[in-house]
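# Observations on the model geometry
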Amino acid sequence: MVQVKKPKWYVVWTGHVPGVYTSWDVAQRQISGYPKAQYKSYESAEEAQQAFAEGPIDLLPTTSRASSSRPRKPSFDRSRVVLPSISVDAACNMTTGVMEYRGVDTETEAEFFRMGPYEDCSNNLGEFLAIVHALAHCKKHDIALPIYSDSRTAIAWVRNRHAKTTVERTPKNARVFELIKRAEEWLSTNSYVNHILKWETEQWGENPADFGRK
């Protein structure tokens, strides 16, 4: 049975054209390239309209913050996180070797893409593919945002334009190795302006693209 994705409403407080949007693609255009853009997604139109009227959470008076029913994320020091940006992550079951990866908006956690599952893989392969997928996505849509990954290995592979994996080829992972080949070819034939940054998990908590399966 196919699950229908629930609609979301996107509030842009500070951007090219502030407002409440029902489309992430439209909302993203309002924040892309805008210095210190402020935005967030909500589950209902009423909540989004109220949030827009009240203003950004960090700018609310102390009394308003205390009485607000809007959920807060765990308290991590993310003052050095660059926003807007894209975060990517992969999840791989080390017992079964099943892997998938995705890319999300760092602030709202709205998905840009999700790929998999793939068999006979590793987490590093997923992280590598996720970064290159994000780079290709950004180039296609003319998005010059930084990309966060928590994998130093994958970041190095991208920098060297080669996935130095020890995973053995099998009939089950043939598709993944085809994707790896295409990713390496893309890196060799394309330039990009996006900065690839290390997500510091110990300081900032889990990567926003994390699958939550630890």
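About the cut-offs
- Residues numbered from 1 in each chain as written.
- Predicted model: local features only at pLDDT ≥ 70, side-chain atom pairs only at ≥ 80, totals over all residues.
- Heavy atoms only, no water.
- Helix = DSSP H or I, 4+ residues; strand = E, 2+ residues; numbered from the N terminus.
- Expected span 1.5 Å × (residues − 1).
- Buried < 20%, exposed > 50% of the residue type's maximum accessible area, 1.4 Å probe, protein only.
- Contact = heavy atoms within 4.5 Å.
- Polar contact = N/O pair within 3.5 Å; in protein donor to acceptor, adjacent residues only side chain to side chain.
- Core = buried A, V, L, I, M, F, W, Y, C linked by side-chain atoms within 4.5 Å.
- Pairing = 2+ DSSP bridges.
- Axes fitted to C-alpha atoms, helices over the stretch in contact; angles between N-to-C directions.

### Focus on helix H6 (residues 174-189)
- Here H6 is 16 residues long and its end C-alpha atoms lie 23 Å apart, about the 22 Å a rise of 1.5 Å per residue gives.
- Looking at H6, one finds that the buried residues are Val-176, Phe-177, Leu-179, Ile-180, Ala-183, Glu-184, Trp-186 and Leu-187.
- Where the residues of H6 are buried, they touch strand S6 (111-118), helix H4 (123-140) and helix H5 (152-160).

### Notes on the environment of Thr-14
- Inspection of the secondary structure assignment puts Thr-14 in strand S1 (residues 9-14).
- For Thr-14, a relative accessible area of 22% puts it in the partly exposed group.
- Discounting residues that sit within four places of it in the chain, Thr-14 has contacts with Tyr-34, Lys-36, Ala-37 and Gln-38.
- Engagement of the side chain of Thr-14 in a polar contact is seen with the side chain of Gln-38, the distance being 2.8 Å.

### What about the nonpolar core?
- Among the nonpolar cores identified, the biggest contains 42 residues, and Trp-24, Val-88, Tyr-101, Phe-128 and Leu-129 are the most heavily contacted of them.
- The set of elements that each furnish at least two residues to this core consists of S1, helix H1 (24-31), strand S4 (86-92), strand S5 (99-105), S6, H4, H5 and H6.
- For this core, the element with the highest residue contribution is H4, accounting for nine residues.

### Focus on the sheet that holds S6
- Taken together, five strands build an open sheet; the order of strands is S6-S5-S4-S7-S8 and the sheet is mixed. The open sheet has two edge strands, S6 and strand S8 (196-198), and neither has a second partner. This sheet shows a mean twist of 20° between the axes of neighbouring strands, independent of strand direction.
- One ladder, built from seven bridges, connects S4 with S5; its direction is antiparallel.

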